[in-house]
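Spelled out from the first residue to the last, the chains are:
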Amino acid sequence: MKNSKAYLTLQNGKTFVGNRFGADGEIVGELVFTTGMTGYIETLTDPSYYGQIVTQTFPLIGNYGMISPDCESKKSWVSAYIVREKCDTPSNFRSEGQLDEYLKKQNIVGLYGIDTRELTKIVRETGVMNAAITSKPLKDFGEVNAYTVRNAVKSVTCSEVDESGENNALKVVVWDFGAKDNISRELVKRGCRCIKVPSNFTAEQILALNPDGLMLTNGPGDPAENVEIIENIKKLAGKLPIFGICLGHQLFALAMGGKTKKMKYGHRGANQPVKNLATGRVYISSQNHGYEVISESLEGKGVLSYINANDGTCEGFDYPELNAYTVQFHPEACGGPQDASFLFDKFIKNIKEGKFNA
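This is a predicted model, so every value here is computed, not measured.

Draft legend 1. Region of the structure containing the pattern of salt bridges. A complete count under the given rule lists 15 salt bridges for this structure. Between Glu332 and Lys180 there is a salt bridge, and its shortest N-O distance comes to 3.1 Å. Placement of the pair is Glu332 in the loop between β19 (324-327) and α10 (342-353) and Lys180 in the loop between β11 (170-175) and α6 (181-189), with a sequence separation of 152 residues. When its relative accessible area of 6% is taken as the criterion, Lys180 is described as buried. Of the charged contacts, one joins Glu186 and Arg190 as a salt bridge, the two residues approaching to 2.6 Å between their closest N and O atoms.

In structure tokens:
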């Protein structure tokens, strides 16, 4: 059966006509692109994409099927999914089904046959913008112009406490702002008992668990929106070893009095080079964020540890007096493929050395 046509209309009025796959329906969201040649399963299931229409720049998507152990959460969080060409005949011994089938089950609208190269160039030059996928040409731009990603962390966080790992192990609270599952897997692999808690947990509730360390996870949306979390991080800073990733990095910076801002089109992909300022070494990293920490806003409050080798933006901060450090990139995401996994080892070392500075 021939797939039906649908219209992708950008906030600037530009329209693309494509073919539907996945679920039927109409959707409005924030249009972004990601440059990964592989990893579409991880992209679809990363809660950090909440509220966003995701475009894959690599032209063929779905060629190794859907593989449940590679998912980063229990569902897909993207608002819609755009590819140049979808593959309906995946070839992989681990494949459990087609991309099209998965999107239908997850009720995610998909479009293929779009010129993703042209679309990406528009977003790269103009910046991230809102867009709509509709069955008929869009005439009223009211909903598109008004759209913004709100209550993102509250929408993706877990609803109850979840534990993994051995009982008699280092106890790490994983504060779930939209956590990718591999963060907990990397900690469990290193001998930790992970206690994942919802984003609305207070500092007092976290300390009552008597943890050995605290992980501030990735997540979606504008970091400055999370006022209560930022206030609770202030209470926890210096009380126990802390490691922050992506949104966790941004939230800790805000708690320290720093500032964040929205980037033109963000960093989304598996090949972002980050430079360690102490050693000069460059690592290949996986990233997914649309906001950045303004390095200058943290002057005197921490030490800038990593910068992006492409654009010089902040990629990490160390806070030695608080036994805390944070990075903008994803050390659990196999960029490189294991370039930055040592950051988890550093966290374990900090916990074991017990450098509490409260």
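Having seen the model, we can carry on.
Draft legend 2. Examining the sheet that holds strand β13 (residues 213-216) more closely. What the 10 strands build is an open sheet, ordered β10-β12-β11-β13-β14-β19-β18-β17-β15-β16; its pairing is mixed. Edge positions in the open sheet fall to β10 (162-164) and β16 (282-293), since each of these has one partner strand only. The mean inter-strand angle of the sheet, taken between neighbouring strand axes irrespective of direction, is 20 degrees. Strands β10, β11, β12 (192-197), β13 and β14 (242-245) of the sheet are contacted by α6, whose axis makes an angle of about 155 degrees with β12. This element, helix α8 (residues 227-236), spans β11, β13 and β14 of the sheet and lies at about 155 degrees to β11.

Draft legend 3. Highlighting helix α2 (residues 99-106). Taken residue by residue, α2 has Leu99, Asp100, Tyr102 and Leu103 as its buried positions. Within α2, the buried residues cover an arc of 160 degrees as seen down the axis, which keeps them to one side. Buried positions along α2 lie against β2 (15-22), α1 (40-44), β5 (60-61), β6 (80-82) and β8 (109-112). In the segment just after α2, Asn107 is the residue with positive phi, at about 60 degrees.

Draft legend 4. Structural view of the side chain of Asn218. The topology assignment puts Asn218 in the loop between β13 and α8. In terms of polar contacts, Asn218 uses its side chain to reach the side chain of Asp46, at 3.5 Å. Non-local contacts of Asn218, meaning those with residues more than four positions away in its chain, are made with Asp46, Ser48, Phe177, Gly178, Ala179, Lys180, Ile183, Ile245, Cys246, Leu247 and His330.

Draft legend 5. Here's a closer look at the sheet that holds strand β1 (residues 5-10). Spatial ordering of the closed barrel is given by β1-β2-β8-β6-β4-β3-β9, a layout of seven strands whose pairing is mixed. Recorded for the sheet is a direction-independent mean angle of 35 degrees between the axes of neighbouring strands. Pairing of strand β3 (residues 27-34) with strand β4 (residues 52-56), which is carried by five bridges, proceeds in the parallel orientation. Pairing of Phe33 across the sheet is with Thr55, part of β4. Against the sheet, α2 engages β2, β6 and β8, with an angle of about 90 degrees to β2. Sitting on the sheet, helix α3 (residues 116-126) touches β1, β2, β3, β4, β6 and β9 (129-134), and the angle it makes with β3 is about 90 degrees.

Draft legend 6. Main features of the packing of aromatic side chains. A complete count under the given rule lists 12 aromatic pairs for this structure. For the pair Phe21 and Tyr112, a centre-to-centre distance of 5.9 Å together with 80 degrees between the ring planes defines the contact as edge-to-face. Taken together, the positions of Phe21 in strand β2 and Tyr112 in strand β8 put the pair 91 residues apart, joining distant regions of the chain. Using a relative accessible area of 2% as the deciding quantity, one classes Phe21 as buried. Among the aromatic residues, ring-to-ring pairing joins Phe243, Tyr325, Phe344 and Phe347 into one connected group. Cation over ring: Lys86 sits above Tyr112, and NZ or CZ is 4.8 Å from the ring centre.

What counts as what
- Sequence order sets the numbering: in each chain, residues are counted from 1 along the sequence as written.
- Since the coordinates come from a predicted model, pLDDT governs what is reported: local features require at least 70, and pairs of side-chain atoms require 80 or more to be given and counted, while whole-chain, interface and lining totals use all residues.
- To get the side-chain values, take all heavy atoms of the structure and skip hydrogens and water.
- One side-chain nitrogen of Lys or Arg within 4 Å of one carboxyl oxygen of Asp or Glu is enough to make a salt bridge.
- The helix and strand labels rest on DSSP assignments: H or I over at least four residues marks a helix, E over at least two residues marks a strand, and numbering proceeds from the N terminus.
- The buried label goes to any residue with under 20% of its type's maximum accessible area, the exposed label to any with over 50%, and the partly exposed label to all in between, with areas taken from a 1.4 Å probe on protein chains only.
- In this scheme, strands are said to pair when DSSP sees at least two bridges between them.
- Structural elements are reduced to axes, namely lines fitted to C-alpha atoms, with helices fitted over the stretch in contact, and the angle between N-to-C directions of any two is expressed from 0 to 180 degrees.
- Any two residues whose heavy atoms approach within 4.5 Å at even a single point are treated as in contact.
- Taking the helix axis as origin, the arc is that swept by the directions to the C-beta atoms.
- Counted as a polar contact is a pair of N or O atoms within 3.5 Å, where, for protein atoms, one must be capable of donating a hydrogen and the other of accepting one, and residues adjacent in sequence contribute only when both atoms are in side chains.
- For this analysis, a ring pair means two rings from Phe, Tyr or Trp (six-membered ring only for Trp) whose centres lie within 6.5 Å, classed as stacked if their planes differ by under 30 degrees, edge-to-face if by over 60, and tilted for the remaining angles.
- Here, a charge over a ring means that NZ of Lys or CZ of Arg falls within 6 Å of the ring centre while also lying within 35 degrees of the ring normal.

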